[in-house]
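A closer look at the structure
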Amino acid sequence: MKYSGIWILAEQDGGRVQRISYELLTRGRELAEKRNTDLTAMIFGHDINADDLQELIDCGADRVVAMEASELEHFLVEPYSACMLRIIEEYRPEIIIAGATSTGRTLMPYVAIKAHAGLTADCTVLDIEADTGNLLQTRPAIGGNILATIKTPSHRPQMATVRPRSTKPAAKQPGRSGEIIRLEATADLLTSRVRRVGFEASEESHSLQDADVVVAVGRGIKKSENIPLMQELADALDAALGASRDVIDRGWMSYPHQIGLSGKTVTPKFYLGAGVSGSIQHLAGMQTAETIVAINTDPDAQIFNVADFGIVGDLFEIVPVLTEKIRQVKGNG
Amino acid sequence: MRIIVPIKQVPETNAVRMDEETGTMIREGVEAIINPLDLYAIEIAIRMRDEHGGEVVVISMGPPKAVKALREAIAMGCDSAVLISDKAFAGADTWATSYVLAGAIKRIGGYDLIICGERATDGDTGQVGPGIASFLELPVASYIGKVDSVAEKSCRVHRLVETGYEVLEVDLPAVLTVVKEIADPRLPTLRGKQKARKMDIPTWAGGDLKVEPDKLGLNGSPTRVVKIHKPTVARNCQKVAAADEQAVEQAVDQLVAFLQGKDLM
Ligand SMILES: Cc1cc2nc3c(=O)[nH]c(=O)nc-3n(C[C@H](O)[C@H](O)[C@H](O)COP(=O)(O)OP(=O)(O)OC[C@H]3O[C@@H](n4cnc5c(N)ncnc54)[C@H](O)[C@@H]3O)c2cc1C
Ligand SMILES: Nc1ncnc2c1ncn2[C@@H]1O[C@H](COP(=O)(O)O)[C@@H](O)[C@H]1O
């Protein structure tokens, strides 16, 4: 049987479909149009919200395949991969795309080995050769210094992960219809040698990726004692505080705050970076922000190449004035 | 317990320069180091051994010069090392790399844990750890930020996910991939360096492993790199200088006006 159709891995948390799923629908829809084929969303979980499954259809899926069992409530690599492999066996997808999330980055390689499939991580651009169906997967490599385009000429399915927040989530389109298949996952798929025995939520790391406004601190801040200066600016702007890797490596802020290639990708409406040089690795995590503002003493700092507005000057002089000004303006607004 | 740590030798990418014309990396003069994220795997493995006894075996698949990375790991405190090297491995993607490393791990045998770095800074995929687990039919727990406890048949770990930490209990043997916050890597000691210099490090080629020749290297790799190019980024930056107090005031006013114009305040 030949392999056909574009599939995405939708994700749920507590039975609610997560944002990444809709971002993947945007990617998947484009590919499905080009290849002139169907788009299916697969999802694993327990008691998944029915309206949410319908919303996957409304937002671009032609079909939803949901496999459910109480053991699938949270991601566990063995049952999830067994389910995905079952789907590959049964439906023979030509392409599977997942988010480069903690789930996607673990599940996809585990499955790709067993399916003898090619897998490309962290793609930023996905395209398709209409005649061969070869997926053209473009991703940063060597610390973001180059972009490599990768394809999988003779193995199917073709598998790829894409960074969260690297595309806009698909919007609802009126009048779409599609098929929703809800399956009870069978017991043979559900054994796991990993058990989830607890969870510790951390709010700050979550808010960074979801924030509409992000303030980023770079090494220009000079020492950890100066971080509150930026925190105040962030508070005034109602922004989440992030940082470059240098700041994290020096222990001035914790790892969940890292923005960039080896940290988080943020796509806020507004990013403000102070004392950030704009290394290619940092840019990889924030250059899709709608508006970018940079403050840097060095007029040639790379960050200005991607900025919409830049102030060349000392952040220690500028930031306090800016914070005060914003408070005033907001206070009057 | 026996802990196996697969490490990769990578170019010092912080210092990477690119050939503008060909879009390839200039490798001359670029130092080869242990993948920085693998140092965390080495560190936690050594700590676990110190606490629970046993040994840490480091392995690396790469060219003969990768033996230097293995000696550095010994100098940090690992007990033994194996270099996995064969021309037939060249051009391996993560599928073929995981395949060979899994083959080598099978030959070592008797392991309780395999601990990988989160990702290598050159290939930068983070796929090899889960890939090894898949070939060995082992469970994997990725993005581990903390090891709470280790017992004979299982360990309890904290896994860093988007919204916090999952607490997982993992049956052994298992594969872990670890993130930075797990432990601060130690520096090699003088005694360690002496030991490393004298250590006999065997090299295993394809023929020493139970692997099928057609699954090795480029031939065994499902993926192909078809194009390399340089990323381009550019926006039109409205740049203002703020050299003195007055200029700072002005620049801030301009910025605020700019943000108001975009409805961002
Ligand atoms: C594989 C790999 C992955 C990486 N991943 C990431 C990643 O995910 N995220 C990331 O950020 N980096 C990453 N890096 C590191 C990256 O290469 C840079 O080292 C890092 O981003 C630099 O951080 P920075 O801009 O804060 O510091 P620097 O490059 O040191 O820049 C500091 C800037 O502050 C300015 N400055 C100094 N004083 C002041 C002042 N008083 N007022 C205003 N400006 C001032 C300086 O002009 C300079 O431009 C990665 C590197 C590699 C090799
Ligand atoms: N050639 C290799 N030899 C040994 N270990 C490797 C090799 N490549 C990758 N690894 C291990 O797998 C992890 C993830 O690498 P990668 O999937 O290439 O990002 C690394 O941190 C290492 O622990």
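The shown structure was predicted, so the numbers you read here are calculated from the model rather than taken from an experiment.

Overview of the overall build of chain B
Each helix and strand in chain B was counted, giving six helices and 15 strands. Along the three orthogonal principal directions, the C-alpha set of chain B runs to about 70 × 45 × 40 Å. The buried share of chain B, reckoned over its 265 residues, is 55%. Long-range pairs, those at least 24 residues apart, make up 70% of the contacts in chain B between residues at least 6 apart in sequence. When the accessible surface of chain B is totalled, it reaches about 12000 Å², and 49% of it is carbon and sulfur. Within chain B, one finds 32 positive and 37 negative side-chain charges whose respective centroids are separated by 6 Å.

Concerning the overall build of chain A
Within chain A one finds 10 helices and 18 strands. Against the 2.2 N^0.38 benchmark of 20 Å for 333 residues, chain A shows a C-alpha radius of gyration of 22 Å, consistent with a compact globule. Across its three principal directions, the C-alpha atoms of chain A cover 65 × 45 × 40 Å. Residues classed as buried in chain A amount to 61% of the 333 residues present. Across chain A, contacts joining residues at least 24 apart in sequence account for 66% of those joining residues at least 6 apart. When the accessible surface of chain A is totalled, it reaches about 12300 Å², and 46% of it is carbon and sulfur. Put simply, chain A has 34 plus and 44 minus side-chain charges, and the middle of one group is 4 Å from the middle of the other.

Points about the packing of aromatic side chains
Using the criterion set out here, one finds seven aromatic pairs over all chains in the structure. Their ring planes at 80° and their centres at 5.0 Å tell us that W95 of chain B and F135 of chain B sit as a pair that is edge-to-face. Taken together, the positions of W95 of chain B in helix α3 (residues 94–108) and F135 of chain B in helix α4 (residues 128–136) put the pair 40 residues apart, joining distant regions of the chain. Summarising the burial analysis for this pair, W95 of chain B and F135 of chain B share the class buried. Judged by centre distance (5.3 Å) and plane angle (55°), the ring pair of Y99 of chain B and F135 of chain B falls under tilted. Placement of Y99 of chain B in helix α3 and of F135 of chain B in helix α4 is noted, with a sequence separation of 36 residues between them. For Y99 of chain B, a relative accessible area of 11% gives the class buried. Cluster of aromatic residues (ring-pair linked, three or more members): F44, F75 and Y80 of chain A.

With respect to the pairing of strand β14 (residues 213–217) of chain A
All names here are of chain A. Judged by how many residues are buried, β14 sits mostly within the fold: five of five residues are covered. Neither face of β14 is left uncovered, since the one carrying V213, V215 and V217 and the one carrying V214 and A216 both have all their residues buried. With five bridges joining them, β14 and strand β16 (residues 270–274) adopt parallel strand pairing. Bridging across to β16, V214 finds its partner in Y271.

Points about the pairing of strand β6 (residues 55–61) of chain B
Here β6 of chain B lies mainly inside the structure; six of its seven residues are buried. For the crossover from β6 of chain B across helix α2 (residues 67–76) of chain B to strand β7 (residues 80–84) of chain B, the handedness is right-handed.

Quick word on the domain arrangement of chain A
Residues and elements named next belong to chain A. On domain assignment, one finds that chain A holds domain 1 (6–189) and domain 2 (203–332). Each of domain 1 and domain 2 was reduced to a C-alpha centroid, and the two centroids are 32 Å apart. The partner domain 2 presents 11 residues to the eight residues of domain 1 that form the contact. Here domain 1 packs against domain 2, burying approximately 880 Å² in sum over the two surfaces, 41% of which is carbon and sulfur. Among the residues domain 1 hides against domain 2, the three largest losses belong to G143, R163 and R165. Together they make up 62% of the total. For R165, the salt bridge goes to D210, with nearest N and O atoms at 2.3 Å. Counting the contacts that link domain 1 with domain 2 gives six residue pairs in polar contact (both at pLDDT 80 or more). For the side of domain 1 that touches domain 2, the residue count by class is two nonpolar, three polar and three charged.

Some points on the domain arrangement of chain B
How big an interface is tends to be stated in terms of the accessible area lost upon association of its parts. When cut into domains, chain B gives domain 1 (2–215) and domain 2 (235–265). Between domain 1 of chain B and domain 2 of chain B, the C-alpha centre-to-centre distance is 48 Å.

Considering helix α3 (residues 77–91) of chain A
For α3 of chain A, spanning 15 residues, the distance from its first C-alpha to its last is 21 Å, which sits close to the expected 21 Å at 1.5 Å a residue. Buried within α3 of chain A we find V77, E78, P79, Y80, S81, C83, M84, I87 and I88 of chain A.

Criteria and cut-off values
- Residues numbered from 1 in each chain as written.
- Chains lettered and ligands numbered in written order.
- Predicted model: local features only at pLDDT ≥ 70, side-chain atom pairs only at ≥ 80, totals over all residues.
- Heavy atoms only, no water.
- Helix = DSSP H or I, 4+ residues; strand = E, 2+ residues; numbered from the N terminus.
- Buried < 20%, exposed > 50% of the residue type's maximum accessible area, 1.4 Å probe, protein only.
- Contact = heavy atoms within 4.5 Å.
- Areas by Shrake-Rupley, 256 points an atom, 1.4 Å probe, with all protein chains shown as cover.
- Lys, Arg positive; Asp, Glu negative; His and termini not counted.
- Charge placed at Lys NZ, Arg CZ, Asp CG, Glu CD.
- Rg over C-alpha atoms; globule rule 2.2 N^0.38 Å.
- Phe/Tyr/Trp six-rings, centres within 6.5 Å; stacked < 30°, edge-to-face > 60°.
- Pairing = 2+ DSSP bridges.
- Right-handed = clockwise from strand over helix to strand, strands pointing away.
- Domains from an automatic or database assignment.
- Buried area = accessible area lost by both parts, 1.4 Å probe.
- Salt bridge = Lys/Arg side-chain N within 4 Å of Asp/Glu carboxyl O.
- Polar contact = N/O pair within 3.5 Å; in protein donor to acceptor, adjacent residues only side chain to side chain.
- Nonpolar A, V, L, I, M, F, W, Y, C, P; charged D, E, K, R; others polar.
- Expected span 1.5 Å × (residues − 1).

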